[in-house]
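Okay, here's what each chain looks like letter by letter:
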Amino acid sequence: MSNRKIAGIVTAVLGLSAIIAFFNNGMDTPILTWPLEAYLGVAFTLGWLTSMPTFLAYLLAALIFILLAIGFYKLGIWVYGLVAGRS
């Protein structure tokens, strides 16, 4: 595995962890349940704000987290390319 991919994976994990921590800031839940609470919170917000069916809210919430992970991965690869001097 190349250094670019490792940098992308590390950036994706750190970025998702930061977003999950942001969503769970100030809650009294254990850290191990933070990812589930963040996912359910996003699904609830989507369903409540748009009155969409429950299954669609859960599907869109999962899609949002997948797209965030891909975005952070691409950002990590891009930043590593800038720092390492490669394009």
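Description of the structure in this document. For every chain, the first residue of the written sequence is number 1, and numbering continues from 1 along that sequence. Residues qualify for local features only when their pLDDT is at least 70, as the model is predicted, and side-chain atom pairs are given and counted only at 80 or more; totals for whole chains, interfaces and linings, by contrast, use all residues. Where side-chain values are given, they derive from all heavy atoms of the structure, hydrogens and water being excluded.

## So, the overall build of the protein chain
The way it works is that DSSP assigns letters per residue, a run of H or I at least four long becomes a helix, a run of E at least two long becomes a strand, and they are numbered from the N terminus. Each helix and strand in the protein chain was counted, giving three helices and zero strands. For the protein chain, the α and β elements follow one another from N to C terminus as α-α-α. The C-alpha atoms of the protein chain give a radius of gyration of 16 Å, which is well past the 12 Å a tight globule of 87 residues would have. Only protein chains enter the area calculation, which uses a 1.4 Å probe; residues under 20% of their type maximum are buried, those over 50% are exposed, and those in between are partly exposed. Counting across all 87 residues of the protein chain, residues that qualify as buried make up 21%. Here, residues are in contact when the closest pair of their heavy atoms is within 4.5 Å. Across the protein chain, the fraction of contacts at a sequence separation of at least 24, relative to all contacts at a separation of at least 6, is 50%. Surface exposure of the protein chain reaches about 6,200 Å², of which carbon and sulfur atoms provide 74%. With C-alpha atoms as the basis for the radius of gyration, the globule rule is written as 2.2 Å multiplied by the number of residues raised to the power 0.38. Each accessible area is a Shrake-Rupley result for a 1.4 Å probe, and residues are judged covered by the shown protein chains and nothing else.

## Quick notes on the packing of aromatic side chains
Planes of paired rings set the category: under 30 degrees apart is stacked, over 60 is edge-to-face and the rest tilted, where pairs are Phe, Tyr or Trp rings (Trp by its six-membered ring) whose centres lie within 6.5 Å. Applying the stated criterion across every chain, the model contains three aromatic pairs. On the basis of an interplanar angle of 50 degrees and a centroid distance of 6.0 Å, the ring pair of Phe22 and Phe23 is categorised as tilted. Its relative accessible area of 63% is what places Phe22 among the exposed residues. When its relative accessible area of 38% is taken as the criterion, Phe23 is described as partly exposed. Ring centres of Tyr39 and Tyr58 lie 6.1 Å apart, and the angle between their planes is 35 degrees; on these two criteria the pair is classed as tilted. With Tyr39 in helix α2 (residues 34-50) and Tyr58 in helix α3 (residues 54-84), this residue pair connects regions lying 19 residues apart in the sequence.

Read these as spatial facts, not as claims about activity.
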